[in-house]
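One-letter residues, chain by chain:
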Amino acid sequence: MHRVRVRPLLVLAWLALVTADAGHARSLDLDDAIELALEQNRSLVIDALDVRAARTGVARAEAEFDVRLRPVLEFGTLDDNETLIVGVETSKRFRTGTEVSVDLVSEDFDTELGRRARLAVEFNQPLFRRFGRLVNEEPIKRATSALRRAERLYHAERANLVLDVIESYEDIQRLERQVEADDTSLERADELLRSTTAKESLGRTTRIDVLRVELQKGLAASRLAADRERLEAERQAFAELLGLDPDSPVELAGSVMFEVSLPTPAAAVGRALENRLDYAQAIADRDDAERGALIAENLVLPDVRVSGRYERADRALAFADGDRSRWFLGVSGDTDLNTRAARLDIERAQLQAASAAQRIRVVELGIAREVRQAMLAYRRSRADLKTLDANLENARARLELARRLFEAGRADNFSVTDAEEAFLDAQRDRLSGRASASLAGYDLLHALGVLVDVPAALKPGGEAR
């Protein structure tokens, strides 16, 4: 009986705690939001897994040069006699192309041969086609290039995510202020409707004036509902960017106008070329293509190998007495006298290298254009903001004057409704202009490639640092 009484109390307490937590809004400023998004954004987590997979590819390519150790165990029959072979085989491939293997086995044939131990040492050294680190390390180079590409994509997505968070943060701030303005506008429309209705009863206005104000009030209510819906949708999108539940309540601290000091266009372009990851990737693609052209030229050479083998077999694992050893040293080669296909491969690789080199210039021009456009957009948004401030003050003064004249009976309500619409437009333009001016500064940093920190190894020239 006692346990039956306690359980409902525990359940009610747990529900109360969950409800309290669910109703508690999480307070965030812009830095907190960015940090949370970089930690929890689901798309960014997938990109991070792609980087880990690419890093595993590098380790797999390097594993080709590890020492290989293989046990040997064979059991069977030979001429109605049991055979047993036990031992170990080891081999290693070096980055110069040399291959060395050592086999040590014990063989029991249950014949007059009896049991014996056998040691075999063998090496192969390519001389032309497969000689050198250039050819043999190419799988590692390719895997490393794939890793660098994945890392650059990951950090580029980080920068894009930060920009999306900032834009969403500013949009929420703008929509919140817009909703407040819409709510105030609805209050003014309601007040104007009451005043116009009272004047109609006194014969100082007509029914048309009342209907005009009622229409304006309806439009204000519709505008308020639409902006509230946009605000809620933006909050849900913002929560998704941060990796939160879409219905998680979040309170955002007020944002300040973001400002940057503008360098000269030439200095800005130079800074972008030092930090942009797409430029770094273009350079890396050219290096890969040039290396591929060198390898294609190498592969047209004859495939000549120097091979050596030493083998020694003794009875009963005793390497003394009854020595039965032999050795071999030779040269083997293989080549195709018709090199047309190989020459075409070389030509194609050289064309790919030339194309990759030309693409670097295309990327440079694109970055220069993007940086200059971002600087122009920043200047324009700042200049427009001053005009929007002046327009808003003029529209506010016009609205106040129109309302006073209407209350004094010196103007009709048409002048008030017209001034109200102009004020709402000026207010909306001012809010949008402020958000655009702040975002223009972040867009400029993004165009310069310095919006977020990036490892130096991923930047242009980073491999040589």
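Residues numbered from 1 in each chain as written. Predicted model: local features only at pLDDT ≥ 70, side-chain atom pairs only at ≥ 80, totals over all residues. Heavy atoms only, no water.

Enquirer: Looking at this structure, how should I read the overall build of the protein chain?
Expert: Scanning the protein chain for helices and strands turns up ten helices and eight strands. Within the protein chain, the proportion of its 465 residues that are buried is 39%. Partitioning the contacts of the protein chain with sequence separation of at least 6, the portion at a separation of at least 24 is 75%. When the accessible surface of the protein chain is summed, it comes to about 27,300 Å², and 55% of that surface belongs to carbon and sulfur atoms. (Helix = DSSP H or I, 4+ residues; strand = E, 2+ residues; numbered from the N terminus. Buried < 20%, exposed > 50% of the residue type's maximum accessible area, 1.4 Å probe, protein only. Contact = heavy atoms within 4.5 Å. Areas by Shrake-Rupley, 256 points an atom, 1.4 Å probe, with all protein chains shown as cover.)

Enquirer: Would you mind showing me how to read a nonpolar patch on the surface here?
Expert: On the surface, V102, V121, F123, Y310, W327 and L329 cluster together into a nonpolar patch covering about 580 Å² of accessible area. Taken together, the elements giving at least two residues each to the nonpolar patch come down to strand 5 (115–126) and strand 8 (324–334). The residue L329 is located in strand 8 in this model. (Patch = residues over 30% accessible without salt bridge, like charges linked within 9 Å, V, L, I, M, F, W, Y side chains within 5 Å. Salt bridge = Lys/Arg side-chain N within 4 Å of Asp/Glu carboxyl O.)

Enquirer: Sorry if this is basic, but what is going on with a negative patch on the surface here?
Expert: A cluster of acidic residues, D29, D31, D32, E35 and E39, forms a negative patch on the protein surface. Mapped onto the elements, D31 comes out in helix 2 (residues 30–40). Given a relative accessible area of 58%, D31 falls into the exposed group. (Lys, Arg positive; Asp, Glu negative; His and termini not counted. Charge placed at Lys NZ, Arg CZ, Asp CG, Glu CD.)

Enquirer: I keep staring at the pattern of salt bridges and nothing clicks. Help me out?
Expert: Side chains that differ in charge, positive against negative, can pair when their charged atoms come close. Under the defined criterion, the tally for this structure stands at 33 salt bridges. Across the pair R235 and E176 runs a salt bridge whose closest N-O atoms are separated by 3.0 Å. Linking R235 in helix 6 (residues 207–241) with E176 in helix 5 (residues 138–201), this pair joins segments that are 59 residues apart in sequence. Given a relative accessible area of 35%, R235 falls into the partly exposed group. One salt-bridge network, in which partners are shared between bridges, spans E122, R309, E311 and R326.

Enquirer: Any chance you could explain the packing of aromatic side chains here in plain terms?
Expert: Across all of its chains, the model carries two aromatic pairs by this definition. Note on F258 and Y442: the rings are 4.0 Å apart at their centroids and 10° apart in plane angle, and the pair reads as stacked. Note that F258 is positioned in the loop between strand 6 (250–252) and helix 7 (265–275) and Y442 in helix 10 (residues 413–448), a separation of 184 residues in sequence. Looking at Y442, the relative accessible area reads 11%, which means it is buried. One residue, K92, lies across the ring of F94, its end atom 5.2 Å from the ring centre. For R95, the ring lying beneath its charged end belongs to F65, and the centroid distance is 5.3 Å. (Phe/Tyr/Trp six-rings, centres within 6.5 Å; stacked < 30°, edge-to-face > 60°. Lys NZ or Arg CZ within 6 Å of the ring centre and 35° of its normal.)

Enquirer: Help me out: how do you make sense of the side chain of R276 in this one?
Expert: One can find R276 in the loop between helix 7 and helix 8 (277–298). Residue classification places R276 among the buried positions, given a relative accessible area of 10%. Among the polar contacts made by the side chain of R276, one reaches the side chain of E370 at a distance of 3.2 Å. Among the polar contacts listed, one links the side chain of R276 to the backbone oxygen of A447, at a separation of 2.8 Å. If we ignore the near neighbours within four places in the chain, the residues touching R276 are I367, E370, H446, A447, L448, G449 and P460. (Polar contact = N/O pair within 3.5 Å; in protein donor to acceptor, adjacent residues only side chain to side chain.)

Enquirer: Before we go on, may I ask you to explain the packing of helix 5 against helix 10 in this structure?
Expert: Relative placement of two packed helices is described by the angle separating their axes and the distance separating the axes. Between helix 5 and helix 10, whose axes approach to 10 Å, the crossing angle comes to 170°. Here helix 10 runs roughly antiparallel to helix 5, going by the angle between their axes. When the residues that make up the contact of helix 5 with helix 10 are grouped by side-chain class, the tally is twelve nonpolar, ten polar and ten charged. (Axes fitted to C-alpha atoms, helices over the stretch in contact; angles between N-to-C directions. Parallel < 35°, antiparallel > 145°, perpendicular 65-115°, else oblique. Nonpolar A, V, L, I, M, F, W, Y, C, P; charged D, E, K, R; others polar.)

Enquirer: Where do I start with the packing of helix 2 against helix 5 in this structure?
Expert: At their nearest, the axes of helix 2 and helix 5 sit 10 Å apart, and the two run at 140° to each other. Our classification of the angle between helix 2 and helix 5 gives oblique. The two elements helix 2 and helix 5 meet at a crossing, and its hand is right-handed. Judged by residue contacts, L30, A33, I34, A37 and L38 of helix 2 engage R158, L161, V162, V165, I166 and Y169 from helix 5. (Left-handed = near helix turned anticlockwise from the far one by under 90°.)

Enquirer: Even after reading the chapter, I still don't get the nonpolar core, so can you show me in this structure?
Expert: Formed by 64 residues in total, the largest nonpolar core has its most connected members in V165, I166, F238, L242, V371 and L451. Secondary structure elements with two or more residues in this core: helix 2, helix 3 (42–62), helix 5, helix 6, helix 7, helix 8, helix 9 (340–407) and helix 10. With 16 residues, helix 5 is the single largest residue contributor to this core. Aside from chain neighbours lying at most four places away, what touches I166 is L30, I34, L439 and Y442. If you look at the next biggest cluster of nonpolar residues, it comprises 13 residues, including V210, V213, L392 and L399. (Core = buried A, V, L, I, M, F, W, Y, C linked by side-chain atoms within 4.5 Å.)

Enquirer: Explain the confidence of the model for the protein chain to me, please; I cannot follow it from the model alone.
Expert: A low pLDDT means the predicted coordinates there should not be read in detail. Looking at the protein chain as a whole, the pLDDT averages 85, with 90% of positions reaching at least 70. The element-level mean pLDDT for the protein chain is lowest in helix 1 (residues 2–23), coming to 40, with helix 7 highest at 95. Here residues 1–23 scores under 50 on pLDDT; set against residues more than four positions off or in separate chains, the count is one contact. (pLDDT = per-residue confidence, 0-100.)

Enquirer: Just checking my understanding: could you explain helix 5 for this structure?
Expert: Structural remark: α-helix, 3.6 residues per turn; residues separated by three or four positions point the same way. Helix length check: helix 5 (64 residues) gives 92 Å between terminal C-alpha atoms against 94 Å at 1.5 Å per residue, within 8%. Of the residues one or two after helix 5, G203 is the one with positive phi, at around 80°. (Expected span 1.5 Å × (residues − 1).)

Enquirer: Which parts of the structure should I look at to understand the environment of E421?
Expert: Summarising the element assignment, E421 is placed in helix 10. Taking C-alpha positions, E421 is 9.8 Å from A220, a pair spaced 201 residues apart along the chain. Beyond its immediate stretch of four places on either side in the chain, E421 contacts Q216 and R223.

Enquirer: Can you help me understand the environment of P249 in this one?
Expert: For P249, the position within the fold is in the loop between helix 6 and strand 6. Given the relative accessible area of 31%, P249 is considered partly exposed. Measuring from C-alpha to C-alpha, the distance between P249 and R235 comes to 8.7 Å, with 14 residues separating the pair along the chain.

Enquirer: It is not clear to me how the environment of L385 should be interpreted in this structure. Could you clarify?
Expert: Looking at the element boundaries, L385 is found in helix 9. With 51 residues separating them in the primary sequence, L385 and S436 have C-alpha atoms 9.1 Å apart. Setting aside residues up to four positions removed in sequence, L385 forms contacts with M257, R430, G433, R434 and A437.

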